Amino acid sequence: MKKTIVLLSTVLLNLPSFGAGTVGDAVTTFQFAGQPKTAEWYNGYLQSFYTNRIDIGPTMFPREYLAIADSWLNDAQREQFDIQQFTRKGLLESQMDDEGYLWAQQHGASSHDHGWPFPHWIQAPDWKGSIGVTAGWHFYDNPRGWEILYRHVRDVLPSRVSLAAANSWELSGFESKGINQQKNAWELKAVGGFPTITSPADVTLDAFNCPFIQIRWNVGEKNASAHQPYMEWMREGDSDWSESRRMDFYPDWLKGRSEDTGMFHSMLPLCKHPEWSGKITRIRFCMDSSDAPPETFYVRSIFSHWDTRHLVNNAIYIKAAFEYFRWTGDVDFLRQILPRLRLAMRYMMEEGHGLELDHIRCTWHGHDGRPGYTVHPDGTKTFHVGHGKGGNYWDLLPIGWDDMYTTTHYYASLLAMAQIEEAIARNPGWAMPGGVIKDDPAFLRGHAQAVKENANRTFWNEKDGRFVSCIDADGIPHDYGFTFVNLEAIHYGIASESNAVKIMEWIDGDRVVEGDTSIGADIYTYRLAPRATTKRNVDWYAHAWTGPETLPFGGQVQDGGAVLGFSFYDVMSRIKTLGSDNAWKRLMGICDWDAEVAAYGGYRKYYGDGKGGTTLQG
């Protein structure tokens, strides 16, 4: 039976990318009273984006968007699954570490496997200048998937790739067999003694900028568990190796990735070791400290990397599971995922300091909210490499430390968990698991209220009438007119009613914020959505984005650009603060924009010819 939803006014449904899909004859459709042409456009738009959006695999950041956009959709398929089954499978298979952190899983790269795929070790301010700061060696000839910076390493530092990289390391108890093209890795034959590989003598590392060292390796005939490998290091002034400067590593498979390297991906969290400090002059990998007989080892790459994890992932995961469950009523799904949701919630409370501070503070290495460089009056830059790591989808912006963006999502996840726990309490027949980290829903709601009150005090910019993105570890707030921070604060309900009104007055152009680059109608210059930011930003970025001044305001999504999908938060915030008629008018503005773009020949032509303003990223 065909399902029809009849609305007098509606919201824009965000349909982010997730893979080739199909819809059947009974797909859900919308009707708008007295607006048949609008309904035709809307239904066509929905089906077009559903069936054409590209595959993004197990990526975490759009999980909630997908659950909201897809869970209600009738007669729609992804791969061989109904969309509800597909959403269910993705949530149950999302990767979580042993502590309770949900992996980002954006795509493979030579960086933190659980975090965002960049910056890579070579993305220091001057690529050749990365020597002495970070380091990496890639013992293969054929990069896979998203190992795109391999080519840059090859061109800039040829001694760090393929056989040249292998020949630069010192061997003991090993014989080099060169690059094994089938394994796409350096082949090492153990020949007796104590098998070790030691980094070149002319390569040094800065411990602060190498909080992790990753080795991608495998072992031939025997089970890897027969080996007890570890890494040792020497600092400037050290004359020999020492057990006090040692860290074990383990044969950890990288799960859930499409870009399988066929190797163990062992990440050593050296930033947690008290002796990992200062200038590191040598590192060595002791591949076997047991009495196992000699055999063949493979090493694909060794490189340093920063902590690029996103703490907001846990809140996204909780909200996505909540959205799926409340649409489907899938009790078996809830039974399976509930322990993970509770652990994810507890992780944000403790690791994110939510319980302690009534807001999120990310204290991970480098997530200090500070800029990656200081811009001087003459335009020169002093770089602060390793500081200001990004904390969410807006990956060039160093949103961290006291983090309003993640606090908003933490608040929403607390309320989602409260509703889940309340539903479980009302339905003892579901026989859901309990456990020591189960929280009382009244406690969750009370804590959420404390978070809301604190956020409206701590992050509110009284002068400009909007929320800042974060307050860095030096106590400096950062505010470039972040519409996405403010609209999401309204949508999720963390903004007070009075603050929500002030935010919409600014974004709607009725209130001018002194010093902003974009004011009034110009905030909607792209028509599809408000600008992501309204104040020009050339100095507050992660260190890898070195030349923001080379693009005009609006040429980069995170500096005055716009994203269609985030119109969802705009329309929803208008419903909440300005009413449904106002939201409908905004939606029809998007409809008019889309018709004009289509008549002109499509997005690429429209923006490429300058018809719609500056070409947008992507």
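Fair warning: this is a prediction, and the values are worked out from it, not measured in the lab.

Cut-offs applied
- Residues numbered from 1 in each chain as written.
- Predicted model: local features only at pLDDT ≥ 70, side-chain atom pairs only at ≥ 80, totals over all residues.
- Heavy atoms only, no water.
- Helix = DSSP H or I, 4+ residues; strand = E, 2+ residues; numbered from the N terminus.
- Rg over C-alpha atoms; globule rule 2.2 N^0.38 Å.
- Buried < 20%, exposed > 50% of the residue type's maximum accessible area, 1.4 Å probe, protein only.
- Contact = heavy atoms within 4.5 Å.
- Areas by Shrake-Rupley, 256 points an atom, 1.4 Å probe, with all protein chains shown as cover.
- Lys, Arg positive; Asp, Glu negative; His and termini not counted.
- Charge placed at Lys NZ, Arg CZ, Asp CG, Glu CD.
- Salt bridge = Lys/Arg side-chain N within 4 Å of Asp/Glu carboxyl O.
- Axes fitted to C-alpha atoms, helices over the stretch in contact; angles between N-to-C directions.
- Parallel < 35°, antiparallel > 145°, perpendicular 65-115°, else oblique.
- Left-handed = near helix turned anticlockwise from the far one by under 90°.
- Nonpolar A, V, L, I, M, F, W, Y, C, P; charged D, E, K, R; others polar.
- 1 Å grid on protein atoms, 1.4 Å probe; cavity = no way out; pocket = protein on both sides within 12 Å on 5 of 7 lines; lining within 4 Å.
- Points joined across faces, edges and corners; volume = space filled by probe spheres on them.
- Pairing = 2+ DSSP bridges.
- Core = buried A, V, L, I, M, F, W, Y, C linked by side-chain atoms within 4.5 Å.
- Phe/Tyr/Trp six-rings, centres within 6.5 Å; stacked < 30°, edge-to-face > 60°.
- Lys NZ or Arg CZ within 6 Å of the ring centre and 35° of its normal.
- pLDDT = per-residue confidence, 0-100.

A.B. asks: Lay out the overall build of the protein in plain terms, naming residues and giving numbers.
C.D. replies: Secondary structure assignment for the protein yields 15 helices and 25 strands. Its C-alpha atoms give the protein a radius of gyration of 26 Å, within 12% of the compact-globule value 25 Å for 618 residues. Classification of the 618 residues of the protein by burial places 58% in the buried group. In the protein, of all internal contacts separated by at least 6 residues, the share reaching a separation of at least 24 is 72%. Surface exposure of the protein reaches about 24400 Å², of which carbon and sulfur atoms provide 50%. If you average the places of the 59 positive and of the 76 negative side-chain charges in the protein, the two averages end up 3 Å apart.

A.B. asks: Summarise the pattern of salt bridges; cite the residues concerned and give the values.
C.D. replies: A full pass over the atoms with the stated rule returns 38 salt bridges. The partner of Glu236 in a salt bridge is Lys279, with the nearest N and O atoms 3.9 Å apart. Note that Glu236 is positioned in the loop between strand S13 (230-235) and strand S14 (246-248) and Lys279 in strand S16 (residues 279-286), a separation of 43 residues in sequence. One network of salt bridges, with partners in common, ties together Arg88, Asp330, Asp332 and Arg335.

A.B. asks: Describe the packing of helix H2 (residues 63-70) against helix H3 (residues 83-93), with residues and values.
C.D. replies: Put simply, H2 and H3 touch, their axes get as near as 10 Å, and they point 160 degrees apart. With respect to their mutual orientation, H2 and H3 come out roughly antiparallel. As H2 runs across H3, the sense of the crossing is left-handed. Together, Arg63, Ala67 and Asp70 of H2 and Ile83, Gln84, Thr87, Gly90 and Leu91 of H3 make up the contact between the two elements. For the contact of H2 with H3, the residue count by class is three nonpolar, three polar and two charged.

A.B. asks: Describe in detail the layout of surface pockets, supporting the description with residues and values.
C.D. replies: Where empty space is left can be seen by rolling a probe of water-molecule size over the atoms. Size it by volume and the second largest pocket reaches roughly 880 Å³. Lining of the second largest pocket is provided by 31 residues; of these, Asp97, Asp98, His114, Asp252 and Met267 occupy positions nearest its centre. Considering every element that reaches the lining of the second largest pocket, the biggest residue donor is strand S15 (residues 264-268), with four residues.

A.B. asks: Any details on the sheet that holds strand S4 (residues 76-78)? Residues and values, ideally.
C.D. replies: Overall, antiparallel pairing links the three strands, which are arranged S2-S4-S5 in an open sheet. The open sheet terminates on both sides in strands that have one partner only, identified here as strand S2 (21-23) and strand S5 (81-82). Where S2 meets S4, three bridges bridge the pair, whose relative direction is antiparallel. In the sheet register, Val23 faces S4, and the bridge partner there is Ala76. Where helix H1 (residues 36-52) meets the sheet, it contacts S2 and S4, and its direction lies at approximately 145 degrees from that of S2.

A.B. asks: For the side chain of Ser573, give the residues involved together with the corresponding values.
C.D. replies: Relative to the helices and strands, Ser573 is located in helix H13 (residues 567-577). Residue classification places Ser573 among the buried residues on the basis of a relative accessible area of 0%. Residues within four places of Ser573 in sequence aside, it is in contact with Leu487, Ile490, His491, Met504 and Leu578.

A.B. asks: Please provide a residue-by-residue account of the sheet that holds strand S24 (residues 470-471), values included.
C.D. replies: The four strands are arranged S18-S21-S24-S25 in an open sheet whose pairing can be described as antiparallel. Edge strands, defined here as strands with exactly one partner in the open sheet, are strand S18 (361-362) and strand S25 (477-478). Across two bridges, S24 lies against S25 in antiparallel orientation. In the sheet register, Cys470 faces S25, and the bridge partner there is His478.

A.B. asks: So what about the nonpolar core? Which residues, and what values?
C.D. replies: Among the nonpolar cores identified, the biggest contains 89 residues, and Trp394, Phe467 and Phe484 are the most heavily contacted of them. Among the elements that line this core, the one with the most residues is helix H9 (residues 404-426), at eleven residues. Contact partners of Trp394, with chain neighbours within four places excluded, come to Tyr405, Phe484, Ala532, Val557, Gln558, Val563 and Phe566. Core analysis: the second largest hydrophobic core is formed by 35 residues, Trp169, Ile179, Leu205 and Cys210 among them.

A.B. asks: I'd like a rundown of the packing of aromatic side chains, residues and numbers included.
C.D. replies: The full count for this structure, using the stated rule, is 43 aromatic pairs. A ring pair is formed by Trp41 and Tyr42, whose centres lie 6.0 Å apart and whose planes are at 70 degrees; its orientation type is edge-to-face. Given a relative accessible area of 14%, Trp41 falls into the buried group. Given a relative accessible area of 4%, Tyr42 falls into the buried group. Measuring from centroid to centroid gives 6.4 Å for Tyr101 and Tyr347, while their planes differ by 45 degrees, and the two rings are tilted. Of the two residues, Tyr101 is situated in the loop between H3 and strand S6 (136-138) and Tyr347 in helix H7 (residues 331-351); the sequence distance between them amounts to 246 residues. Take Tyr101: its relative accessible area is 0%, and that puts it in the buried class. In this arrangement the basic side chain of Arg78 is found over the ring face of Tyr50, its NZ or CZ atom lying 4.2 Å from the centre. In this arrangement the basic side chain of Arg466 is found over the ring face of Trp506, its NZ or CZ atom lying 4.8 Å from the centre.

A.B. asks: I'd like to hear about the packing of helix H6 (residues 312-328) against H9, residue by residue, with values.
C.D. replies: In contact at an axis separation of 8 Å, H6 and H9 are set at 35 degrees when each is read in the N-to-C sense. H9 is crossed by H6, and the crossing has left-handed handedness. Here H6 contributes Val312, Ala315, Ile318, Lys319 and Phe322 to the contact with H9, which in turn contributes Tyr405, Thr406, His409, Tyr410, Ala412, Ser413, Ala416, Met417, Gln419 and Ile420. Its residues assigned to classes, the contact of H6 with H9 shows ten nonpolar, four polar and one charged.

A.B. asks: Break down the pairing of strand S9 (residues 185-190) for me, with residues and values.
C.D. replies: Summarising burial for S9: five of the six residues are buried, a large majority. Across five bridges, strand S8 (residues 174-180) lies against S9 in antiparallel orientation. Looking across to S9, one finds that Ser176 is bridged to Leu188. Connecting the antiparallel pair S8 and S9 is a turn made up of four residues, with Asn184 showing a positive phi of about 55 degrees.

A.B. asks: For the confidence of the model for the protein, give the residues involved together with the corresponding values.
C.D. replies: In regions of low pLDDT, the predicted coordinates are not meant to be interpreted in detail. Across the protein, pLDDT averages 90, with 91% of residues at or above 70. Segment residues 1-18 is flagged for pLDDT under 50; beyond a separation of four residues in sequence, or across chains, it makes 77 contacts in the model.

A.B. asks: Any chance you could break down the pairing of S15 for me, citing the residues and the numbers?
C.D. replies: Extensive coverage of S15 is indicated by the burial of five of its five residues. Residues Phe264, Ser266 and Leu268 line one face of S15 and the alternating positions His265 and Met267 line the opposite face, and both faces are buried. As paired elements, strand S12 (residues 212-219) and S15 share five bridges and run antiparallel to each other. Within S15, the position partnered with Gln214 by the bridge is Met267.

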